[in-house]
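Commentary on secondary and tertiary structure
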Amino acid sequence: MSSDTAAQPLILQEQADGIATLTLNLPAKLNPIARDLQIELRDALERIRDDRSVRAVILTGAGKAFCVGADLSAMAPPEEGKSLGTQTAEWMQSLSNPLIETLRTLPVPVVAAVNGPAAGAGVGLALAADVTIAARSAYFYLPFLPKLGIVPDLGCTWAIPRRAGRARAMGMALLDERVGAGRAVQWGLIWACVDDEQLLEEAKGIAQRLARLPAHAVLEAREAFEASEHHTLKEQLHYESERQRELIDKPSFREGVSAFLQKRAPVFESR
């Protein structure tokens, strides 16, 4: 770890009322997804996975940016006998890819509060959340191919076409344009954009709503929508009925029905 970051945590963590807030903390560099930052973030997520008191997560950035992707000025020279490309791929497969997979399999919902620019790998990080909201001044930018001749990574090529469609994914990848938060909402890339000063308040409100869901809700939603990507309608209808076979026998369904009949809000057990 470099001397300018050794004295400070690269991930700030707060926890209150069942909501854990993780903040990328390299604001002087606009929160690049540095190797040490990735390690700390994944460690924090693994602790959350094991902490049954946490029911929702907020992911945001310190300072003016959410995350501007790789810090090209700090790329380490390749080890002897390896090309830079080989070393980078190995680091991605051992660290970056598992980080995104950890976010996507976390047993609690994740809200990304994009407080400023999300560029490069930062876009993939933002879109790995279950619900992504952004400050009105924020934008999403993919410089990979136009500036560097490399493909978008950290799940960008998976998440963007699924959220916004292939035509817009291709435009983002090739046209070297920033997509502002307002346009990102219009495209379906993110859930909402709000005034900058209201971002964290809105993120906390969303996280509180998500924290009240049945404990298994986010996992079921992820798996159902991902299954639909490769199912025919007939196959997906069968999938849905099979999930209902199991879920209707769970305590959460009984509580939901009771709450409906009693005209009150349901209260679900924690995970």
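Cut-offs applied
- Residues numbered from 1 in each chain as written.
- Predicted model: local features only at pLDDT ≥ 70, side-chain atom pairs only at ≥ 80, totals over all residues.
- Heavy atoms only, no water.
- Helix = DSSP H or I, 4+ residues; strand = E, 2+ residues; numbered from the N terminus.
- Rg over C-alpha atoms; globule rule 2.2 N^0.38 Å.
- Contact = heavy atoms within 4.5 Å.
- Lys, Arg positive; Asp, Glu negative; His and termini not counted.
- Charge placed at Lys NZ, Arg CZ, Asp CG, Glu CD.
- Polar contact = N/O pair within 3.5 Å; in protein donor to acceptor, adjacent residues only side chain to side chain.
- Phe/Tyr/Trp six-rings, centres within 6.5 Å; stacked < 30°, edge-to-face > 60°.
- Lys NZ or Arg CZ within 6 Å of the ring centre and 35° of its normal.
- Pairing = 2+ DSSP bridges.
- Expected span 1.5 Å × (residues − 1).
- Buried < 20%, exposed > 50% of the residue type's maximum accessible area, 1.4 Å probe, protein only.
- Arc of directions from axis to C-beta.
- Salt bridge = Lys/Arg side-chain N within 4 Å of Asp/Glu carboxyl O.
- Axes fitted to C-alpha atoms, helices over the stretch in contact; angles between N-to-C directions.
- Left-handed = near helix turned anticlockwise from the far one by under 90°.
- Nonpolar A, V, L, I, M, F, W, Y, C, P; charged D, E, K, R; others polar.
- Patch = residues over 30% accessible without salt bridge, like charges linked within 9 Å, V, L, I, M, F, W, Y side chains within 5 Å.
- Areas by Shrake-Rupley, 256 points an atom, 1.4 Å probe, with all protein chains shown as cover.
- Parallel < 35°, antiparallel > 145°, perpendicular 65-115°, else oblique.

Quick word on the overall build of the protein
Helix and strand counts for the protein come out as 12 helices and 9 strands. Over its C-alpha trace the protein gives a radius of gyration of 20 Å, about what one expects of a compact globule, namely 18 Å for 271 residues. Sequence separation of at least 24 residues holds for 68% of the intrachain contacts in the protein that already meet a minimum separation of 6. Charge centroids of the protein, computed over 30 positive and 34 negative side chains, lie 5 Å from each other.

Quick word on the side chain of S96
Looking at the element boundaries, S96 is found in helix α3 (residues 84–105). A distance of 2.7 Å separates a polar atom in the side chain of S96 from a polar atom in the side chain of Q38. Excluding residues that lie within four positions of it along the chain, S96 makes contacts with Q38, W91 and L154.

Quick notes on the packing of aromatic side chains
Here the structure, examined in full by the defined rule, presents 0 aromatic pairs. When the ring centre of W91 is taken as reference, the NZ or CZ atom of R35 above it lies at 4.3 Å.

Describing the sheet that holds strand β5 (residues 118–119)
Read from one edge of the open sheet, 3 strands run β5-β7-β8, paired in mixed fashion. Where the open sheet ends on each side, the last strands, each with one partner, are β5 and β8 (179–180). Alignment of β5 against strand β7 (residues 139–141), held across 2 bridges, turns out to be parallel. Paired with A118 across the bridge in β7 is F140.

So, the pairing of strand β1 (residues 11–16)
Taken together, the 6 bridges between β1 and strand β2 (residues 19–24) define a ladder with antiparallel strand orientation. Following the sheet pairing, L12 is matched in β2 by T23. Adjacent in sequence and paired antiparallel, β1 and β2 are bridged by 2 residues, among which D17 carries a positive phi angle near 55°.

Quick look at helix α9 (residues 199–211)
The α-helix winds at 3.6 residues per turn, so residues separated by three or four positions along the chain end up facing the same way. The first and last C-alpha atoms of α9 sit 18 Å apart over 13 residues, in line with the 18 Å expected at 1.5 Å per residue. Turning to α9, its buried residues are L199, A203, I206, A207, L210 and A211. The buried side chains of α9 occupy one side of the element, clustering within an arc of 140° when seen end-on. Structural note: α9 exposes E201 and R209 on the side pointing more than 90 degrees away from its buried face. Buried-residue contacts for α9 involve β2, β3 (56–61), β4 (110–114), β6 (131–135) and β9 (192–194).

With respect to the pattern of salt bridges
Considering all chains together, one arrives at 14 salt bridges under this definition. The salt bridge partner of K147 is D176, with a shortest N-O separation of 3.3 Å. Of this pair, K147 sits in helix α5 (residues 144–148) while D176 is found in the loop between α7 (166–174) and β8, placing the two residues 29 residues apart along the sequence. The exposed category is assigned to K147, whose relative accessible area is 55%. Between E177 and R183 there is a salt bridge, with the nearest N and O atoms lying 3.8 Å from each other. Put simply, R104, D130, R222 and E226 are held in one network by salt bridges that share partners.

A short note on the packing of helix α2 (residues 35–50) against α3
Across the interface, α2 lies against α3 with an axial gap of 10 Å and an inter-helix angle of 35°. At the point where α2 passes α3, the crossing takes the left-handed sense. Contact residues: R35, Q38, I39, L41, R42, L45, E46 and R49 in α2; W91, S94, L95, S96, P98, L99, T102, L103 and T105 in α3. For the contact of α2 with α3, a count of residues per class yields 8 nonpolar, 5 polar and 4 charged.

So, a nonpolar patch on the surface
Together, L72, M75, L84, L148 and I150 give the surface a local cluster of nonpolar side chains, amounting to about 430 Å² of exposed area. Structurally, M75 can be placed in the loop between β3 and α3.

Quick word on the packing of helix α6 (residues 156–164) against α7
Packing of α6 against α7 brings their axes to within 7 Å, and their N-to-C directions diverge by 135°. On the basis of their axis angle, the class for α6 and α7 is oblique. Two secondary-structure elements touch here, α6 through I160, P161 and A164 and α7 through R166, R168, A169 and M172. For the contact of α6 with α7, the per-class residue count stands at 5 nonpolar, no polar and 2 charged.

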